[in-house]
Amino acid sequence: MRPPEIFDRNARRMRRDRIATRYADYDFLRGAMIEGLLDRLASVKRSFYDVLDLGGFDGAFPAPPGARIARLDAGHRFATQTGGVQGDEDRLPFADASFDLIVSAGVLDTVNDLPGALALVRRALRPDGLFLAAFAGAGSLPALRAALREAEGDRPAPRLHPQIDVRAAGDLLLRAGFALPVADVETLDVRYRDIGRLFDDLRNMGAGNLLAERHTMPRDVLVKAAASFATQADADGRTTERFAIVYLTAWSPSPDQPVPARRGSATASLAAAIGKPTP
C-alpha cells in the first residue's frame, strides 16, 4: 500500500502550464538558484557531455560548452517550449547511466517521493557523474508563516509546504547512495510592500499551495494575515521576506573517487598537530 501523497500532481502540472507564458517576469528566485549552481559547476575542472535539466521550467539553465542537454518538466507547456520531456522527478523516464551531469533548480521541494527521486537521479548518472540541485528549504517565508499563524490561531489550515532543512538534505543524499555529498544554504531577502505582492510572486513562480489537502482561505483570515504581515514592515513600509536556498552537490559512486579515512585510523593526535602539550 502506497503512502498518501503530500502534493497534488495534477495541480502541479496545471499550474505550471498556467504560468508558462509569464514565468520570465517572476523567475528571480530560480535565477538566483541557477547562478549558485553555475558558480559551483565552475569549480569542477572537468567536461560534461550529456546533461539533464531536471524540472527545467523555461530552459534558463544553459548547457555547458559542447554538451547536449535534455530537459524534463512536470508542465506540458514548459516541456514543449524547451523541446523537453513532460514527467515527474520521482518517475524519471530515462535509462540508467544516461547522463554525466544532472542539475535541478527550484523543484525538489515539491516532489512527492524525494528519496525515490534522488535514487533515480543517482541511477541515471554514469559512474562519477555530478548532481547539482537547489531548492527553497527550511527557513523560507518566515514573515508569511508568522502572519498566517497569527491570523489562524491554534488551528491553522495547511497552506504552506513542509520544508527540508540542510542537514536532512545531506542525509537524503547519503540514503540515495551518492558519494561525497555536500549540502549548504544561502539566503535571499526580498522586500514587499504588502502580502498581495508576495502571493503574486509565489503564484507566478509556481510556488503556490500544491498540497493534496488544500483549503480556500476565508476573507477574514486573509485580512488578518495582511495586517500581521504589514506590522512586520520597516520604516519604508516594506516587509522583508526570506528565501533559504538549499544547495546539493554529490557524485555518483565510482571506484576512482577518494574515500574518507576510516574513523579511528589517524596516526597523529590533534594536540600534537597544534603544539598543545599532552597531559
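Residues numbered from 1 in each chain as written. Predicted model: local features only at pLDDT ≥ 70, side-chain atom pairs only at ≥ 80, totals over all residues. Heavy atoms only, no water.

Chemist: Would you mind going over the overall build of the protein chain with me for this structure?
Modeler: Helix and strand counts for the protein chain come out as nine helices and seven strands. Dimensions of the protein chain, computed from the C-alpha atoms along their principal axes, are close to 65 × 60 × 45 Å. In the protein chain, the share of contacts with a sequence separation of at least 24, taken over all contacts with a separation of at least 6, comes to 79%. With the model as given, the accessible surface of the protein chain reaches about 14,800 Å², and the carbon-plus-sulfur share is 53%. Put simply, the protein chain has 37 plus and 36 minus side-chain charges, and the middle of one group is 3 Å from the middle of the other. (Helix = DSSP H or I, 4+ residues; strand = E, 2+ residues; numbered from the N terminus. Contact = heavy atoms within 4.5 Å. Areas by Shrake-Rupley, 256 points an atom, 1.4 Å probe, with all protein chains shown as cover. Lys, Arg positive; Asp, Glu negative; His and termini not counted. Charge placed at Lys NZ, Arg CZ, Asp CG, Glu CD.)

Chemist: Looking at this structure, I do not really get the side chain of threonine 249. What am I missing?
Modeler: Inspection of the secondary structure assignment puts threonine 249 in strand 7 (residues 239–251). Accessibility expressed as a relative area gives 18% for threonine 249, which makes it buried. Apart from residues no more than four positions distant in its own chain, threonine 249 is found in contact with Arg40, Leu130, Phe131, Leu132, Leu173, Leu180, Pro181 and Val182. (Buried < 20%, exposed > 50% of the residue type's maximum accessible area, 1.4 Å probe, protein only.)

Chemist: Please explain the pattern of salt bridges as it appears in this structure.
Modeler: Once their charged atoms are close, side chains differing in charge can pair, the charge on each being opposite to the other. Taken as a whole and judged by the stated rule, the model has 23 salt bridges. Residue aspartate 128 is joined to arginine 46 by a salt bridge in which the shortest nitrogen-to-oxygen separation is 3.4 Å. One end of the pair, aspartate 128, is in strand 5 (residues 125–136); the other, arginine 46, is in the loop between helix 2 (28–42) and strand 1 (50–54), with 82 residues separating them in the sequence. For aspartate 128, a relative accessible area of 26% translates into the label partly exposed. A residue is classified by how much of its surface remains accessible, and arginine 46, at 34% relative accessible area, is partly exposed. Aspartate 53 is the salt-bridge partner of arginine 71, the closest N and O atoms lying 2.7 Å from each other. With a gap of 18 residues between them, arginine 71 in strand 2 (residues 68–73) and aspartate 53 in strand 1 connect regions that are remote in the sequence. (Salt bridge = Lys/Arg side-chain N within 4 Å of Asp/Glu carboxyl O.)

Chemist: Sorry, what's going on with the sheet that holds strand 3 (residues 85–86) here?
Modeler: In a beta sheet, neighbouring strands pair by backbone hydrogen bonds and run either parallel or antiparallel. Judged by pairing direction, the sheet is mixed, and its seven strands sit side by side in the order 3-2-1-4-5-7-6 without closing on themselves. Two strands in the sheet have a free side with no partner beyond their single neighbour: strand 3 and strand 6 (179–192). Across three bridges, strand 1 lies against strand 4 (residues 99–105) in parallel orientation. What sits directly across from leucine 52, in strand 4, is isoleucine 102. (Pairing = 2+ DSSP bridges.)

Chemist: I keep staring at the side chain of asparagine 112 and nothing clicks. Help me out?
Modeler: Tracing the backbone through its elements, the reader meets asparagine 112 in the loop between strand 4 and helix 4 (114–124). Within the structure, the side chain of asparagine 112 is placed 2.8 Å from the backbone nitrogen of isoleucine 6, a separation counted as a polar contact. A polar contact is formed between the side chain of asparagine 112 and the backbone nitrogen of phenylalanine 7, at a distance of 2.7 Å. (Polar contact = N/O pair within 3.5 Å; in protein donor to acceptor, adjacent residues only side chain to side chain.)

Chemist: Would you mind showing me how to read the packing of helix 5 (residues 142–152) against helix 8 (residues 219–231) here?
Modeler: Between two packed helices, what matters for the description is the angle formed by their axes and the separation of those axes. Across the interface, helix 5 lies against helix 8 with an axial gap of 8 Å and an inter-helix angle of 130 degrees. It follows that helix 5 is oblique to helix 8 by the angle criterion. Judged by the twist between their axes, the crossing of helix 5 over helix 8 is right-handed. Of helix 8, the residues touching helix 5 (which contributes Ala143, Leu144, Ala146, Ala147, Leu148, Glu150, Ala151 and Glu152) are Val221, Lys224, Ala225, Ser228 and Phe229. When the residues that make up the contact of helix 5 with helix 8 are grouped by side-chain class, the tally is nine nonpolar, one polar and three charged. (Axes fitted to C-alpha atoms, helices over the stretch in contact; angles between N-to-C directions. Parallel < 35°, antiparallel > 145°, perpendicular 65-115°, else oblique. Left-handed = near helix turned anticlockwise from the far one by under 90°. Nonpolar A, V, L, I, M, F, W, Y, C, P; charged D, E, K, R; others polar.)

Chemist: Can you help me understand the pairing of strand 4 in this one?
Modeler: Side-chain positions along a regular strand alternate between the two faces of the sheet. For strand 4, a buried count of seven out of seven residues is recorded, marking the element as mostly surrounded by other parts of the structure. Relative to strand 5, strand 4 runs parallel, the two sharing six bridges. The residue bridging leucine 101 from the neighbouring strand is leucine 130, located in strand 5. Once the chain exits strand 4 it traverses helix 4 before rejoining the sheet at strand 5, and the crossover so formed is right-handed. (Right-handed = clockwise from strand over helix to strand, strands pointing away.)

Chemist: Looking at this model, I keep getting lost on the packing of helix 4 against helix 6 (residues 166–175). Mind explaining?
Modeler: Two elements in contact, helix 4 and helix 6, have axes separated by 9 Å at closest approach and are oriented at 50 degrees. Between helix 4 and helix 6, the angle falls in the class oblique. Once helix 4 is placed against helix 6, the crossing between them reads as right-handed. Facing Leu114, Pro115 and Leu118 of helix 4, the residues of helix 6 in contact are Leu172, Leu173 and Arg175.

Chemist: Just checking my understanding: could you explain helix 1 (residues 9–19) for this structure?
Modeler: All of the buried residues in helix 1 are Arg9, Ala11, Arg12, Arg16, Asp17 and Ile19. Those residues of helix 1 that are buried are in contact with strand 2, helix 3 (76–81) and helix 7 (195–204). Capping the start of helix 1, aspartate 8 holds a side-chain oxygen 3.1 Å from the backbone nitrogen of asparagine 10, two or three residues further along.

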